Structures are given as structure tokens and as C-alpha cells.
Amino acid sequence: MKYIDGHMHLENGPLTKEYVLQFVEAAHQKGLDEIQILDHTHRFIEFEPIYERLKQYDVQKTWLANKDMKFKDHLSDFIDLMKDIQQMDLPVKVKYGLEVCYVPEYENFLKELLGQYSFDFLVGAIHSIDGILYDMSFSKDLLWNRYDANDIYKRYYELVFQLIESQLFTQLAHPDTIKLFQIYPTYDLKPTYQKMAELLKAHHMKAENNVGCYYRYHHPDMGLSQELLQIFKENGVELIYASDAHQPQDVGNYIREATLQMN
């Protein structure tokens with residue numbers, strides 16, 4: 001069986017060969033065959049306009065103002081580095097792409113910007129709901145404690161559907177990470193999951209089985225819920241397993257377990 005870790009970030013380190021090779025070595029030590037390296041678009045100067053709406057809240061504005069992490073590098077430097085890495089004789093196959101924050105009102109902007117470069121893959125992600133981040137320590141005060149969970153989930157999946165239909169991406173990041181705080185809607189999510197599966201299949205997109213919630217947020221699901229996994233399986237949606245590693249030591253976390261769980 002081939003083991004692939006489809007989602008890991010360099011954001012906590014520099015854009016250097018030495019740092020990338022720490023991820024490669026970690027993957028080799030864990031017996032992986034292939035890794036996909038990507039960074040969030042908020043690392044790159046070119047993408048700053050799509051985060052403008054987040055700045056309406058001071059806590060999010062402060063989060064974005066951290067120049068050690070945000071908008072500190074040029075996209076071309078990342079691509080040049082990864083092309084150099086791919087020319088090296090490595091024990092693990094390396095692909096590169098981006099995790100793109102999909103913001104509907106900036107779809108044309110994203111299409112034009114992304115079209116200027118070549119990537120092995122592009123991962124589309126929903127990290128905010130109408131200008132409010134849902135997965136941060138401050139998100140409970142901004143979002144979850146202020147709005148009804150049913151409305152949050154419905155809007156989240158509306159955005160996911162738009163992301164898929166944009167045809168900008170080859171993969172969907174963490175399809176149900178909205179559950180990370182273990183806050184759930186009162187309505188049945190199965191019809192939503194069914195529609196998502198049908199859209200993914202129609203648009204030839206892979207879905208991540210991302211285990212980040214399991215070991216980073218201590219969610220009981222090892223990746224996708226069993227309900228969602230079953231619907232994806234029934235609809236023939238192709239999955240890619242993802243550690244969501246933000247440090248070399250997390251590369252490959254639970255990839256084997258999640259892969260075996262599905263097979």
C-alpha cells in the first residue's frame with residue numbers, strides 16, 4: 001500500500017531547503033511514499049487583499065498583523081524553492097501547492113492570481129464564515145457564542161459548495177473541521193454530506209481525510225466522521241489522507257491508521 005501525507009505546512013519556519021528537508025526526512029522515517037507541501041495563502045504578500053474583511057474585528061486584525069507569520073514571503077520564492085527540491089534525489093516524492101482561503105467575493109482575484117503559476121495541486125479551504133474565523137481560540141466569542149450553530153453550519157456548507165463549484169481547486173481541505181469544538185447542529189447533516197459528495201465527484205476533486213482535529217484539537221474522530229466517510233465511499237469520492245502537520249515531527253501523524261480505517 002502507498003502512503004501519502006497530503007497536507008503539511010512550512011509556515012513555522014523559513015523558506016529554505018534545509019527546513020523542507022526536515023519534513024522529507026520525517027516522512028522517510030515514518031515510511032511514507034509521498035508528501036504534499038503547501039502553505040496557507042496568508043503567508044504570502046500577494047494574497048493579503050482577500051483577508052481584508054477579517055480586519056473588521058480587532059482580534060483578527062491583530063492576528064493578521066503578525067509579520068513573523070503573515071504576508072511575509074513572495075509566492076514566487078516558495079515555488080522556486082519547491083522546484084529546486086523536486087530536482088533533488090530524495091527518498092520520498094515531494095509535490096507542492098497551496099491551501100487557499102476561498103472567499104467568494106474574491107473568486108476572480110484568486111483565479112487570476114493562481115493562473116499565473118503552476119502547482120501540482122491546489123487545496124481549497126473555508127476558514128472563515130462571512131469575515132469571522134471559526135477555528136481560532138477567539139472564535140467562540142466572535143462566532144459560536146453569538147450565532148446559532150444551525151446557521152453557522154448551513155452557511156459553512158454553502159461556502160464549501162461554492163468553493164467546489166468554482167473549479168479553482170483539485171482538493172477540498174478538511175471537509176468537516178467545522179466540528180472542531182464539538183458543537184453540532186440539531187438538523188441531519190446527511191443530505192448536506194450527500195450534496196457535497198456529488199459535487200466533489202462531478203468536479204473531479206479529492207477530499208481530505210484530515211486528522212488535524214484529532215491530535216491538535218483532541219476531537220474524538222480520527223479525521224472525517226464515520227457518517228461522512230461512508231457517504232464519500234458510497235459516492236466514489238477520492239480521499240487523500242492528511243496530517244495537517246505544522247512541524248516536521250507531526251508529518252505522517254495517524255496517516256497509516258486513517259488509511260487502514262477506510263480500507
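In what follows, the structure referred to is the one given above.
For the structure given in this document, a descriptive report is provided here. Since we're looking at a predicted model, the values are computed, not measured. The numbering scheme is per chain: residues are counted from 1 as the chain's sequence reads. Note on the predicted model: pLDDT of at least 70 is required for a residue's local features to be given, and 80 or more for side-chain atom pairs to be given and counted; whole-chain, interface and lining totals, by contrast, use all residues. Side-chain metrics rest on all non-hydrogen atoms present in the structure, leaving aside hydrogens and water.

1. Regarding helix 3 (residues 75–86)
- The way it works is that DSSP assigns letters per residue, a run of H or I at least four long becomes a helix, a run of E at least two long becomes a strand, and they are numbered from the N terminus. In this scheme, a helix's expected span is set at 1.5 Å multiplied by one less than its residue total. Counted at 1.5 Å a residue, the expected span for helix 3 with its 12 residues is 16 Å, and the 17 Å between its end C-alpha atoms agrees.
- By the burial criterion, the buried members of helix 3 are L75, F78, I79, L81, M82 and I85. Buried residues of helix 3, seen end-on, are gathered within an arc of 160 degrees and therefore sit on one face of the element.
- Residues count as neighbours in contact if any of their non-hydrogen atoms are within 4.5 Å of one another. Looking at the buried positions of helix 3, the neighbouring elements they touch are helix 1 (17–29), strand 2 (34–40) and strand 3 (93–101). Under the scheme applied here, a residue whose accessible area is under 20% of the maximum for its type counts as buried, over 50% as exposed, and between as partly exposed, the area being computed with a 1.4 Å probe on protein chains only. An arc is given here, and it is the one of the directions from the helix axis to the C-beta atoms.

2. Considerations on the packing of aromatic side chains
- By convention, a stacked pair of Phe, Tyr or Trp rings (six-membered ring in the case of Trp) has centres within 6.5 Å and planes under 30 degrees apart, an edge-to-face pair has planes over 60 apart, and any other such pair is tilted. Following the criterion strictly, the structure yields 14 aromatic pairs and no others.
- Both rings, one in Y117 and one in F119, keep their centres 6.4 Å apart while their planes meet at 55 degrees; by these two values the pair is tilted.
- The exposure class of Y117 is partly exposed, given its relative accessible area of 24%.
- Accessibility expressed as a relative area gives 17% for F119, which makes it buried.
- Ring geometry for Y214 against Y254: centres 5.0 Å apart, planes inclined by 90 degrees, an arrangement best described as edge-to-face.

3. Points about the sheet that holds strand 3
- What makes two strands pair is DSSP finding at least two bridges between them. Taking strand neighbours across the sheet as the criterion, the seven strands line up as 1-2-3-4-7-8-9 in an open arrangement whose pairing is parallel. Looking at the sheet topology across the chains shown, the edges are occupied by strand 1 (4–8) and strand 9 (239–242).
- Examined bridge by bridge, strand 7 (residues 171–172) and strand 8 (residues 206–210) share two bridges and lie parallel to one another. In the strand pairing of strand 8, Q171 is matched with K206.
- Inter-axis angles, ranging from 0 to 180 degrees, are taken between N-to-C directions of lines fitted to C-alpha atoms, where helices are fitted over the stretch in contact. Of the strands in this sheet, strand 2 and strand 3 are in contact with helix 3, which crosses strand 3 at around 160 degrees.

4. A few points about unusual backbone geometry
- For H204, which is not a glycine, the phi torsion comes out positive at approximately 55 degrees.
- Positionally, H204 belongs in the loop between helix 7 (190–202) and strand 8.
- According to the relative accessible area criterion, H204 is exposed, its value standing at 71%.
- In this model, Y254 sits at a positive phi of 60 degrees, which is unusual for a non-glycine residue.
- With respect to the helices, strands and loops of the structure, Y254 is situated in the loop between strand 9 and helix 10 (255–262).

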